[in-house]
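Descriptive structure summary
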Amino acid sequence: MERTYLMIKPDGVQRNLIGEVVSRFEKKGFTLVGAKLMTVTKETAETHYAEHKERPFFGELVDFITSGPVFAMVWEGENVISTARTMMGATNPAEAAPGTIRGDYGVQVAMNVIHGSDSTESAKREIGIFFEDAELNNYEKVV
Ligand code: CMP
């Protein structure tokens, strides 16, 4: 079954949106297999966002993601990578459709509430950056 890495950014945590965001993915029918509130180190942030290293906003991006706790999650389900991206909305909240997480809760591109893996390769890489295998729960639903 497909897995993705989703991360509620410091703005989402501080605006008390953890429950709202988690609820959306639960109600959609996806399965939470790992989650933790954590403060990202500069080194981990630079590794996670390595593809943006040459972008002018890279420093700002790393500073922001390390500025306060994030809520790191791994979700599982059919097509969860692309469906989660659809549910998140466009990267720039100003362009994100109403009904999406960023469209409903975001205002600025730097503070866009949530990050989600954009491909199977990214998901595998990002899950490995933020979680040990033992932190991920494999279980069959009994209800
Ligand atoms: P995310 O999905 O976490 O992946 C890279 C992030 O870079 C993106 O969300 C945005 O939050 C951020 N980003 C993109 N463009 C800009 C920008 N022009 N200024 C600051 N941050 C940006």
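Residues numbered from 1 in each chain as written. Predicted model: local features only at pLDDT ≥ 70, side-chain atom pairs only at ≥ 80, totals over all residues. Heavy atoms only, no water.

If you check an unreviewed UniProt entry, the protein chain appears there as Nucleoside diphosphate kinase from Alkalihalophilus lindianensis. Comment text from UniProt for the protein chain, heading Subunit (unreviewed entry), reads "Homotetramer." Quoted verbatim from the Sequence similarities (unreviewed entry) heading of the UniProt record, the comment on the protein chain is "Belongs to the NDK family." (UniProt positions renumbered as here; feature names shortened; annotations may be inferred.)

1. A look at the UniProt feature "binding site: ATP" (unreviewed entry) in the protein chain
According to UniProt, the "binding site: ATP" (unreviewed entry) feature falls on Lys9, Phe57, Arg85, Thr91, Arg102 and Asn112. The subset of these annotated residues that lines the largest pocket comprises Lys9, Phe57, Arg85, Thr91, Arg102 and Asn112. When you line up the elements, Lys9 lands in the loop between strand 1 (3-8) and helix 1 (10-14). Residue contacts for Lys9: discarding those within four places in its chain leaves Tyr49, Phe64, Ile65, Pro69, Val70, Asn112, Val113, Ile114 and His115. (1 Å grid on protein atoms, 1.4 Å probe; cavity = no way out; pocket = protein on both sides within 12 Å on 5 of 7 lines; lining within 4 Å. Helix = DSSP H or I, 4+ residues; strand = E, 2+ residues; numbered from the N terminus. Contact = heavy atoms within 4.5 Å.)

2. Some remarks on the site of the ligand
Around the ligand, the surrounding shell consists of Lys9, Tyr49, His52, Phe57, Glu60, Leu61, Thr91, Arg102, Val109, Ala110, Asn112 and His115. At a separation of 2.7 Å, an oxygen atom of the ligand approaches a polar side-chain atom of Lys9. Alone, the ligand offers 460 Å² of accessible surface; in the complex the protein occludes 81% of this. Using a 2 Å cut-off from the grid points, one finds that the ligand occupies the largest pocket. (Near = heavy atom within 4 Å. Polar contact = N/O pair within 3.5 Å; in protein donor to acceptor, adjacent residues only side chain to side chain. Areas by Shrake-Rupley, 256 points an atom, 1.4 Å probe, with all protein chains shown as cover. Sits in = over half its atoms within 2 Å of the grid points.)

3. Concerning the UniProt feature "modified residue: Phosphothreonine" (unreviewed entry) in the protein chain
Those residues carrying the UniProt feature "modified residue: Phosphothreonine" (unreviewed entry) are Thr91 in this numbering. You can see Thr91 is positioned in the loop between helix 5 (80-88) and helix 6 (101-105). Those residues in contact with Thr91 that lie beyond four places of it in its chain are Arg102, Val109 and Asn112.

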